[in-house]
Structure formats: C-alpha cells, structure tokens
Amino acid sequence: MTIVQEMRARLGPAMKARDAARTAFLRYWIAQFTLGTGAEMSDADAVKKMRSVLKEAKSGATTFTAEELEMIREWVPPSLAPEQIREALAPVADAVRAAPKEGMALGVAMKALAGRAVETEDVKAVVAELRAG
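Calculation criteria
Residues numbered from 1 in each chain as written. Predicted model: local features only at pLDDT ≥ 70, side-chain atom pairs only at ≥ 80, totals over all residues. Heavy atoms only, no water. Helix = DSSP H or I, 4+ residues; strand = E, 2+ residues; numbered from the N terminus. Rg over C-alpha atoms; globule rule 2.2 N^0.38 Å. Buried < 20%, exposed > 50% of the residue type's maximum accessible area, 1.4 Å probe, protein only. Contact = heavy atoms within 4.5 Å. Areas by Shrake-Rupley, 256 points an atom, 1.4 Å probe, with all protein chains shown as cover. Axes fitted to C-alpha atoms, helices over the stretch in contact; angles between N-to-C directions. Parallel < 35°, antiparallel > 145°, perpendicular 65-115°, else oblique. Left-handed = near helix turned anticlockwise from the far one by under 90°. Nonpolar A, V, L, I, M, F, W, Y, C, P; charged D, E, K, R; others polar. Arc of directions from axis to C-beta. Phe/Tyr/Trp six-rings, centres within 6.5 Å; stacked < 30°, edge-to-face > 60°. Core = buried A, V, L, I, M, F, W, Y, C linked by side-chain atoms within 4.5 Å.

**Q** Give a detailed account of the overall build of the protein, specifying residues and quantitative values.
**A** A count of helices and strands for the protein gives 8 helices and 0 strands. A compact globule built from 133 residues should have a C-alpha radius of gyration of about 14 Å, whereas the protein, at 18 Å, is more than 25% larger. Each principal axis of the C-alpha distribution contributes one length, and for the protein these read about 60 × 30 × 25 Å. Counting all 133 residues of the protein, 32% fall into the buried class. Pairs at least 24 apart in sequence give 60% of the contacts found in the protein among residues at least 6 apart. Element-wise, carbon and sulfur atoms account for 56% of the exposed surface of the protein, whose accessible area totals about 8200 Å².

See the structure below:
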C-alpha cells in the first residue's frame, strides 16, 4: 500500500472521530502527493517532500504547527544515527580520506549512503571526523 493509499484509508476514521487536525493534515498531504494527472507521487518522493518540511522546521522557517510536524514524523522513516553512518561508510573510509576536497569526500559518502535515510548534517560531521583522524 502506497503512502497516499494509506492516508486515504486513515482519512475516513479521522473524519468519523471528528479529529479536525488529523483530517486536515491527511487531506493536505493527499493533495500534495496527487499529481495534476490524478496519479500518485512515488513513496520515495513523498517521503523526500515531508523530510524537506521537517528540515525547514529545524531552521525555524515553517508554517506547520508542532502538532502537524509530529504527524509528519509518523510518516517519515527515521534517519540513520551518526554511529550507523560511520559503520556504513567504513568500506569507503579510505576514499573519503583520499578525496582532495571536502565536497568530493561528501560526494563519495553520499554515493555510498544512496537509498538510505540520512541527515546531510550528520554525514558532514562523520566525513569531517574521518578526514581529521
């Protein structure tokens, strides 16, 4: 079941329970994830869109309430912790250290972590550790 299908399935019970906040949340995100053609956005793109809202909220610039941000977190899989990132980068640690520039080292790391949920700031910190030590 896709994220949009799951949201549609939860919309009915939220409406019956008269949970205005959850109903509005589900309606908003269903609309966001439904393309102009009526097709649904892929789950990966949907999660990416929600992650960008959470990242925006960390900087303080958001129109979403704390309750809405909490509901978004329910739909977004957790990102890897710095220790997990360190473990995942172990096979490419030499390539990260050998990269001539910080940006290139980050590129090697991100390529190794492709497809995994990570926070860029955490990856940058682990890359800096690897390059320093």
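**Q** Which residues make up the packing of helix α1 (residues 3-16) against helix α2 (residues 20-33), and what values do they have?
**A** Contact geometry of α1 with α2 gives a least axis separation of 9 Å together with a crossing angle of 155°. Comparing the axis directions of α1 and α2 gives the class roughly antiparallel. In the packing of α1 onto α2, the handedness of the crossing is left-handed. Listed contacts from α2 to Ile-3, Val-4, Met-7, Arg-8, Arg-10, Leu-11, Ala-14 and Met-15 of α1 are Arg-22, Thr-23, Phe-25, Leu-26, Arg-27, Trp-29, Ile-30 and Phe-33. Tallied by class, the residues present in the contact of α1 with α2 amount to 11 nonpolar, 1 polar and 4 charged.

**Q** So what's going on with helix α5 (residues 82-89)? Which residues, and what values?
**A** Each α-helix winds once per 3.6 residues, and so residues spaced three or four apart point in a common direction. Taken as a whole, α5 has its buried residues at Ile-85, Ala-88 and Leu-89. Taken around the axis of α5, the buried residues stretch over an arc of 95°, which confines them to a single face. Its buried side turned inward, α5 meets α6 (93-98), α7 (102-112) and α8 (120-132).

**Q** Explain the packing of aromatic side chains to me, and be specific about the residues and the numbers.
**A** A full pass over the atoms with the stated rule returns 5 aromatic pairs. Seen from their ring centres, Tyr-28 and Phe-64 are 5.8 Å apart, and the 75° between their planes marks the pair as edge-to-face. Placement of the pair is Tyr-28 in helix α2 and Phe-64 in the loop between α3 (43-58) and α4 (66-75), with a sequence separation of 36 residues. Since its relative accessible area comes to 17%, Phe-64 is described here as buried. Ring centres 6.0 Å apart and planes at 20° place the aromatic pair Trp-29 and Phe-64 in the stacked group. Taken as a pair, Trp-29 in helix α2 and Phe-64 in the loop between α3 and α4 lie far apart in primary sequence, 35 residues in all.

**Q** Summarise the nonpolar core; cite the residues concerned and give the values.
**A** In this structure, Ile-3, Met-7, Phe-25, Trp-29, Phe-33, Met-50 and Ile-72 are the most contacted members of the largest nonpolar core, which totals 23 residues. Those elements that place two or more of their residues in this core are α1, α2, α3 and α4. At 6 residues, α3 tops the list of elements feeding residues into this core. Every residue in contact with Ile-72, bar those within four places of it in the chain, is listed here: Phe-25, Trp-29, Met-50, Val-53, Leu-54 and Phe-64. In terms of nonpolar packing, the next biggest core, distinct from the first, is built from 16 residues, Ala-88, Leu-89, Val-126 and Val-127 among them.

**Q** Requested: an account of the environment of Val-118, with residues and values cited.
**A** Tracing the backbone through its elements, the reader meets Val-118 in the loop between α7 and α8. Residue classification places Val-118 among the buried positions, given a relative accessible area of 16%. Expressed as a C-alpha distance, the spacing of Val-118 and Leu-80, which sit 38 residues apart in the sequence, is 5.3 Å. Contact partners of Val-118, with chain neighbours within four places excluded, come to Ser-79, Leu-80, Ile-85, Met-110, Leu-113 and Val-123.

Read these as layout, nothing more, since geometry by itself doesn't imply function.
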